[in-house]
Amino acid sequence: MSKSASASFSSKIGTYGLPLLAVLLFAFFSLKLPNTYPTASNLRAILSNQSIPALLALGAMIPIVTAKFDLSMGYALGLSHVVVMYLLVHSHISWVLICIIAVLGTACVGLVNGLLVEFAQIDSFIATLGTGSVLYAFSGWITHGGRIVPPVEGLPVGFTNLMNAKVAGFPISAFYILALVAVLVLVLEYLPAGRGLYVIGSNPRAAELIGIPKRRYVVLSFVSASAITGFAGCLLAAQQQIGNPSIGAEYLLPAFVGALLGSTTLRVGRANALGTLVAVAILAIGVSGIQQLGAEFWATPLFNGLTLLAAVGLAGYSARRRLKS
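Throughout this document, residue positions are counted from 1 along each chain, in the order its sequence is written. Whole-chain, interface and lining totals are the exception, using all residues; otherwise, since this is a predicted model, local features are given only for residues with pLDDT of at least 70 and side-chain atom pairs are given and counted only at 80 or more. Hydrogens and water are ignored here; the side-chain numbers use all heavy atoms of the structure.

Another aspect to go through is helix H6 (residues 124-143). Along its 20 residues, H6 runs 28 Å from first to last C-alpha, staying within 8% of the 28 Å computed at 1.5 Å per residue. In the core, the buried residues of H6 are packed alongside helix H4 (73-90), helix H5 (95-118) and helix H11 (214-240). Definition of a polar contact: a pair of N or O atoms within 3.5 Å, with one able to donate and the other able to accept a hydrogen when the atoms are protein atoms, and with sequence-neighbouring residues admitted only if both atoms are side-chain atoms. Here a helix means four or more residues in a row that DSSP labels H or I, a strand means two or more in a row labelled E, and each is numbered from the N terminus. At the N-terminal boundary of H6, the capping side chain belongs to aspartate 123, with an oxygen 2.9 Å from the backbone nitrogen of phenylalanine 125. Downstream of H6 by a residue or two, histidine 144 has a phi angle that is positive, lying close to 60 degrees. Expected span of a helix: the number of residues minus one, times 1.5 Å. By definition, residues are in contact when any of their heavy atoms lie within 4.5 Å.

For the rest of this paragraph, the subject is the confidence of the model for the protein chain. By definition, pLDDT measures how confident the predictor is in each residue, and it falls between 0 and 100. When pLDDT is averaged along the protein chain, the result is 87; 90% of the residues meet or exceed 70. Averaged pLDDT values for the elements of the protein chain fall to 69 in helix H1 (residues 3-32) and rise to 96 in H5.

Once that is clear, we can look at the environment of cysteine 99. Topologically, cysteine 99 is positioned in helix H5. Separated by 19 residues in sequence, cysteine 99 and serine 80 have C-alpha atoms that sit 8.8 Å apart. For cysteine 99, the residues in contact, after removing those within four places along its chain, are Phe159, Leu162 and Cys234.

Turning next to the packing of helix H3 (residues 51-65) against helix H13 (residues 273-292). One can describe the packing of H3 onto H13 by two numbers: an axis separation of 10 Å at closest approach and a directional angle of 145 degrees. Once H3 is placed against H13, the crossing between them reads as right-handed. For the pair H3 and H13, the contacting residues are Ala54, Ala57, Leu58 and Met61 in the first and Ala273, Thr276 and Val280 in the second. Here the term charged refers only to Asp, Glu, Lys and Arg, the term nonpolar to Ala, Val, Leu, Ile, Met, Phe, Trp, Tyr, Cys and Pro, and the term polar to all other amino acids, Gly among them. Tallied by class, residues from the contact of H3 with H13 come to six nonpolar, one polar and no charged. As a rule, the C-alpha atoms of each element are fitted with a line to give its axis, helices using only the stretch in contact, and angles between N-to-C directions run from 0 to 180 degrees. Throughout, a crossing is termed right-handed when the near helix is turned clockwise from the far one, and left-handed when it is turned anticlockwise from it by less than a right angle.

Moving on: the packing of helix H9 (residues 192-202) against H11. The angle between the axes and the distance between the axes are what describe a pair of packed helices. For the pair H9 and H11, interaxial distance at closest approach is 10 Å and the crossing angle is 100 degrees. Relative to H11, H9 is oriented roughly perpendicular. Side by side, H9 and H11 meet where Ala193, Gly196, Leu197 and Ile200 of the first sit next to Lys214, Tyr217 and Val218 of the second. Its residues assigned to classes, the contact of H9 with H11 comprises five nonpolar, one polar and one charged. Convention used here: angles under 35 degrees read as roughly parallel, angles over 145 as roughly antiparallel, angles from 65 to 115 as roughly perpendicular, and any remaining angle as oblique.

As structure tokens, this is what we get:
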């Protein structure tokens, strides 16, 4: 095989390897579990159960485009869903307004993160880890360390339908994900703001020299990620229907696995929405299959952790190969 043919084959594997892996994983679990895995009910369950991790992965991807990380997302998710549950149980505010309050509140958290990173010049890891700890403290303060249980009559039907409703036989949460992917593809791939974010992520100094408002774009990336997290918190409250102050942190690892693994496919070496969607699909297929095979409880975090290590390694390799080419 010639050098050019080898390079072309390697490029195609890098670009389409993850979608192929998703197909192979699905085929493997379908053969192992023919009566339960390749069924419409299982597909609906996967779409419903993995919708919140998918939203968080897409949100986490936005700061990653600028080479920043938001480690407060899991805690912001927890606080958002706790605030929603608290207001639903202890106030007479409409659930629509409560959800708006939650989204705007978490967007303010993103604003604080962005200001700390860009104006206070604190590393994004440290800044967002610090704000995440503060958010976790607020969640505990609101709930007094306990859980918020809804009244006997339950939560408003309109609110619970944010997760329970179906469109064309599929969970409505799947359409939230598709809509968000469409918006992110449009912004990142076709609008000047998206191209500016990619320039900032690859060369911040060059971005400033050509007139891209680096600080504004980075702050907005954090605000956008947090607003998406706030919406995911509303969906989590509608799904769980109980306020648990410690639930958010467990969603952080799958979110970053999806966002980082997504940068190794389709647009290799660059965080991108379609790649993140494929990565989330792989995680969803793998986790569902592992659980149906009867694996121990620790198998899921093991799978996520190993996949994260593989994602970081592949992302670094893809970036180096892209620079060489």
